[in-house]
Amino acid sequence: MECVVQGIIETQHVEALEILLQGLCGVHRERLRIHEICLKSGPSLGTVASEVRLLCDLEQPEPTWTVRHVGGSMRGAGADQISVLVRPTVESKVSKNVLRLFYSLGYKLDHELLKVGFAFHFQRGAQITVIVSSVNKMLKLHATDEAVPVTPGIQLVEVTAPTTTENYTEVVAAVSSFCEHLAPLGVLEVLRYLHVCIPFDFSSVKESGEAIRKLLHLSKPGISTGVVPTAAAAAASLMSDGGGTTL
Amino acid sequence: MPIKWVLYWQPNPGTTASSQIVNEVTQCVESMNGVKDGRWKSTLTFYKPIVRDQSQLSDFPRDFLGISLPEQPSKYFFIIRGQRLVLEADSSIQTIMEKLQSYKARVSLTFEGFQYQLGDFQLRVGKVSPTHSETLRGIVMEVEYLPISSVEKSRQVMEEFLDILQDSVSKRSLPGHFIHADSMFADYGLGDHYTSQHTAVQYAVVVAQVIASVQAGQGGRN
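To start, this report covers the structure provided alongside it. Every value quoted in this text rests on a predicted model; they were computed, and no experiment measured them.

### Let's talk about the overall build of chain A
Moving on, step 1. Within chain A, the secondary structure is distributed over 8 helices and 10 strands.
Moving on, step 2. Taken across its 247 residues, chain A has 52% of its residues classed as buried.
Moving on, step 3. Long-range contacts, defined here as pairs at least 24 residues apart, represent 70% of the contacts in chain A between residues at least 6 apart.
Moving on, step 4. Carbon and sulfur atoms form 55% of the exposed surface of chain A, whose accessible area is close to 11,200 Å².

Here it is in structure tokens:
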């Protein structure tokens, strides 16, 4: 299982966010370049339609592959009261021929993306990962070298932490607490429905840019112009004292 | 990792594998000064597609199987023999397959027995039976030569050891013999350096032979 919060930020403010995150996390960023292939079961396969994601880490000297399955998010009154999405996820590292295997099993390519950016991994009440990435689409099949942004000028911000059914309350609290440092700055919107919608909308990459803008508009109109500069200001403040301030 | 050959017992026509043969083979290994070194167990599962329209069953692989090996307990291997495809995965891939609800386990076979140390060789003798059943369906033997990892460089020493083993077994006048089938590693994209994927492929080959033997035995009786 994992706890997750997602938001978006204008690319022009990403550098400021990076400095801010470095101050908050106390660790250096890691570069991120993930080729994500989303597969769906063929029409007659399975009791219900199923979806699986293959992630290829292109940042490694020899690209590594992971299969990821994301289940339905936690629902109910308890889930409604928390500002973080909790959902079951299972991952398995696999050998590089995984795409061929799933094609052989009757899965079809639904869409593919290239996420390019950076990540921070750190311990803060939970093992938290913050990923800031530009989401790109491929103009030709698997042509990661020719990828172009789905939403030019906007990047995705994801805060995640692994959890279990036993300790998710604590992990939710840790993620929420961390997000509070970012939320007032406006760089991260704690929007569960945004998270639910993004994977769906990315399946149609032509429309997703508009979808994100629309969601942004729906969630917090005017956020990108009015609040994000605050993050830049905070980052400037961090830089002025060496970036070592813990917020 | 060290080279390994997985052998299967080929019963003589009209005979079948039995626990008695397993005991005899075990005694044979012990008579070669094999030192018993614990138990071992592997599990192989055949998967079948869950389809909404049975007429489309032929669109999906019928020889899709998964195997867990004691040499890599945190890993799981998928094999589609017809397509010469072997995949290595963390064992959590089994959970993912369950959640996808597109394939389900049809039948599982367990390979289990004792392992022995003979100098630089490690031998594992085991019976093949359906999981949760004592019915013996076949016999396998793993021969591992610890100093060498190259498939090609080890071929001669493995063949020589196998000759010695066959001689020893034949003296007991057992109704059959061990066979090492060519697993055609190159077809699976596997190189000369031995890995657990090589072992998984060998088990896929061996289990097909064991099933063929059982079917031949049943045909003979009928």
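Having seen the model, we can carry on.
### Considerations on the overall build of chain B
Moving on, step 1. Secondary structure summary: chain B contains 4 helices and 9 strands in total.
Moving on, step 2. Listed N to C, the secondary structure of chain B is β-α-β-β-β-β-α-β-β-β-α-β-α in terms of helices and strands.
Moving on, step 3. Taken over 222 residues, chain B has a buried fraction of 50%.
Moving on, step 4. Long-range pairs, those at least 24 residues apart, make up 66% of the contacts in chain B with a sequence separation of at least 6.
Moving on, step 5. Per element, the accessible surface of chain B, about 10,100 Å² overall, is 47% carbon and sulfur.

### Describing a negative patch on the surface
Residues and elements named next belong to chain B.
Moving on, step 1. A contiguous patch of negative charge, built from Glu159, Glu160, Asp163 and Asp167, is present on the exposed surface.
Moving on, step 2. Note on placement: Glu159 falls in helix 3 (residues 155-170).
Moving on, step 3. On the basis of relative accessibility, which here comes to 39%, the residue Glu159 falls in the partly exposed class.

### A closer look at a nonpolar patch on the surface
Moving on, step 1. Where nonpolar side chains cluster on the molecular surface, the patch consists of A:Tyr103, A:Leu109 and A:Leu141 and spans about 280 Å² of accessible area.
Moving on, step 2. Along the chain, A:Tyr103 falls in helix 3 (residues 98-104).

### A short note on helix 1 (residues 14-25) of chain A
Residues and elements named next belong to chain A.
Moving on, step 1. Taking 1.5 Å per residue, 12 residues should reach 16 Å; helix 1 reaches 16 Å between its end C-alpha atoms and fits that length.
Moving on, step 2. Counting buried positions over the 12 residues of helix 1 gives 9, a clear majority of the element.
Moving on, step 3. When helix 1 is considered as a whole, its buried residues turn out to be Val14, Ala16, Leu17, Glu18, Leu20, Leu21, Gly23, Leu24 and Cys25.
Moving on, step 4. Of the residues trailing helix 1, Gly26 is marked for its positive phi of about 75°.

### Considering helix 3 of chain B
Residue and element names in this part refer to chain B.
Moving on, step 1. With 16 residues, helix 3 should cover 22 Å at 1.5 Å per step; its first-to-last C-alpha distance of 22 Å lies within 8% of that length.
Moving on, step 2. All of the buried residues along helix 3 are Met158, Phe161, Leu162, Leu165, Ser168 and Val169. One side of helix 3 carries all its buried residues, which in axial view fall inside an arc of 120°. Projecting away from the buried face of helix 3 at angles above 90 degrees are the exposed residues Gln156, Asp163 and Ile164.
Moving on, step 3. Against the buried residues of helix 3 lie strand 1 (3-11), helix 1 (19-31), strand 6 (103-118), strand 7 (121-130) and strand 8 (138-145).

### Some details on the interface of chain A and chain B
Moving on, step 1. The interface of chain A with chain B comprises 28 residues on the first partner and 29 residues on the second.
Moving on, step 2. Of the roughly 2,400 Å² buried between chain A and chain B on both sides combined, carbon and sulfur atoms contribute 61%.
Moving on, step 3. The largest contributions to the chain A side of the interface with chain B come from A:Ser44, A:Leu101 and A:Leu105, which together make up 23% of the buried area.
Moving on, step 4. Taken together, the links from chain A to chain B amount to 0 salt bridges.
Moving on, step 5. The interface formed by chain A and chain B holds 17 residue pairs in polar contact (both at pLDDT 80 or more) in total.
Moving on, step 6. The set of elements that each furnish at least two residues to the side of chain A that touches chain B consists of strand 3 (51-57), strand 4 (64-70), strand 6 (89-94) and helix 3 of chain A.
Moving on, step 7. When grouped by side-chain class, the residues that make up the side of chain A that touches chain B number 13 nonpolar, 11 polar and 4 charged.

### A closer look at the pattern of salt bridges
All names here are of chain B.
Moving on, step 1. Following the criterion strictly, the structure yields 23 salt bridges over all chains and no others.
Moving on, step 2. Glu142 is paired through a salt bridge with Lys4; the nearest N and O atoms lie 3.0 Å apart. Residue Glu142 is found in strand 8, and its partner Lys4 is found in strand 1; the two are separated by 138 residues along the sequence.
Moving on, step 3. Looking at Glu142, the relative accessible area reads 2%, which means it is buried.

### Some details on the environment of B:Val206
Residue and element names in this part refer to chain B.
Moving on, step 1. By the secondary structure assignment, Val206 is in helix 4 (residues 196-221).
Moving on, step 2. Residues Val206 and Asp182, spaced 24 residues apart in sequence, show a C-alpha to C-alpha distance of 9.9 Å.
Moving on, step 3. Once residues lying within four places of it in the same chain are set aside, the contact partners of Val206 are Val6, Tyr8 and Val140.

### A word on the nonpolar core
Residue and element names in this part refer to chain B.
Moving on, step 1. Phe111, Leu123 and Met141 are the most contacted members of the largest nonpolar core, which has 58 residues in total.
Moving on, step 2. Element by element, the count of residues in this core is highest for helix 4, at 9 residues.
Moving on, step 3. Apart from residues no more than four positions distant in its own chain, Met141 is found in contact with Trp5, Val6, Leu7, Val25, Val29, Leu123, Arg124, Val125, Leu165 and Phe178.

### Details of the environment of B:Ala204
Moving on, step 1. Relative to the elements of secondary structure, B:Ala204 occurs in helix 4.
Moving on, step 2. The residues contacting B:Ala204, other than those within four sequence positions of it, are B:Leu65, B:Ile79 and B:Arg81.

### Some words on the packing of helix 1 of chain A against helix 4 (residues 168-182) of chain A
Residues and elements named next belong to chain A.
Moving on, step 1. Packing of helix 1 against helix 4 leaves a shortest axis separation of 11 Å and a crossing angle of 135°. With respect to their mutual orientation, helix 1 and helix 4 come out oblique. Taken as a pair, helix 1 and helix 4 cross one another with a handedness that is right-handed. Here helix 1 contributes Leu20, Leu21, Leu24 and Cys25 to the contact with helix 4, which in turn contributes Phe178, His181 and Leu182.
Moving on, step 2. For the contact of helix 1 with helix 4, a count of residues per class yields 6 nonpolar, 1 polar and no charged.

### Observations regarding the pairing of strand 1 (residues 2-10) of chain A
All names here are of chain A.
Moving on, step 1. In terms of residue burial, strand 1 counts as a mostly covered element, since 9 of its 9 residues are buried.
Moving on, step 2. Burial along strand 1 is two-sided: Glu2, Val4, Gln6, Ile8 and Glu10 facing one way and Cys3, Val5, Gly7 and Ile9 facing the other are all buried.
Moving on, step 3. Sheet topology places strand 1 next to strand 10 (residues 154-162); 9 bridges connect them, and they run antiparallel. Residue pairing across strands places Val4 opposite Thr160, the latter belonging to strand 10.
Moving on, step 4. By the bridge criterion, 3 bridges tie strand 1 to strand 5 (residues 85-87) in an arrangement that is antiparallel.

Calculation notes
Residues numbered from 1 in each chain as written. Chains lettered and ligands numbered in written order. Predicted model: local features only at pLDDT ≥ 70, side-chain atom pairs only at ≥ 80, totals over all residues. Heavy atoms only, no water. Helix = DSSP H or I, 4+ residues; strand = E, 2+ residues; numbered from the N terminus. Buried < 20%, exposed > 50% of the residue type's maximum accessible area, 1.4 Å probe, protein only. Contact = heavy atoms within 4.5 Å. Areas by Shrake-Rupley, 256 points an atom, 1.4 Å probe, with all protein chains shown as cover. Patch = residues over 30% accessible without salt bridge, like charges linked within 9 Å, V, L, I, M, F, W, Y side chains within 5 Å. Salt bridge = Lys/Arg side-chain N within 4 Å of Asp/Glu carboxyl O. Lys, Arg positive; Asp, Glu negative; His and termini not counted. Charge placed at Lys NZ, Arg CZ, Asp CG, Glu CD. Expected span 1.5 Å × (residues − 1). Arc of directions from axis to C-beta. Buried area = accessible area lost by both parts, 1.4 Å probe. Polar contact = N/O pair within 3.5 Å; in protein donor to acceptor, adjacent residues only side chain to side chain. Nonpolar A, V, L, I, M, F, W, Y, C, P; charged D, E, K, R; others polar. Core = buried A, V, L, I, M, F, W, Y, C linked by side-chain atoms within 4.5 Å. Axes fitted to C-alpha atoms, helices over the stretch in contact; angles between N-to-C directions. Parallel < 35°, antiparallel > 145°, perpendicular 65-115°, else oblique. Left-handed = near helix turned anticlockwise from the far one by under 90°. Pairing = 2+ DSSP bridges.

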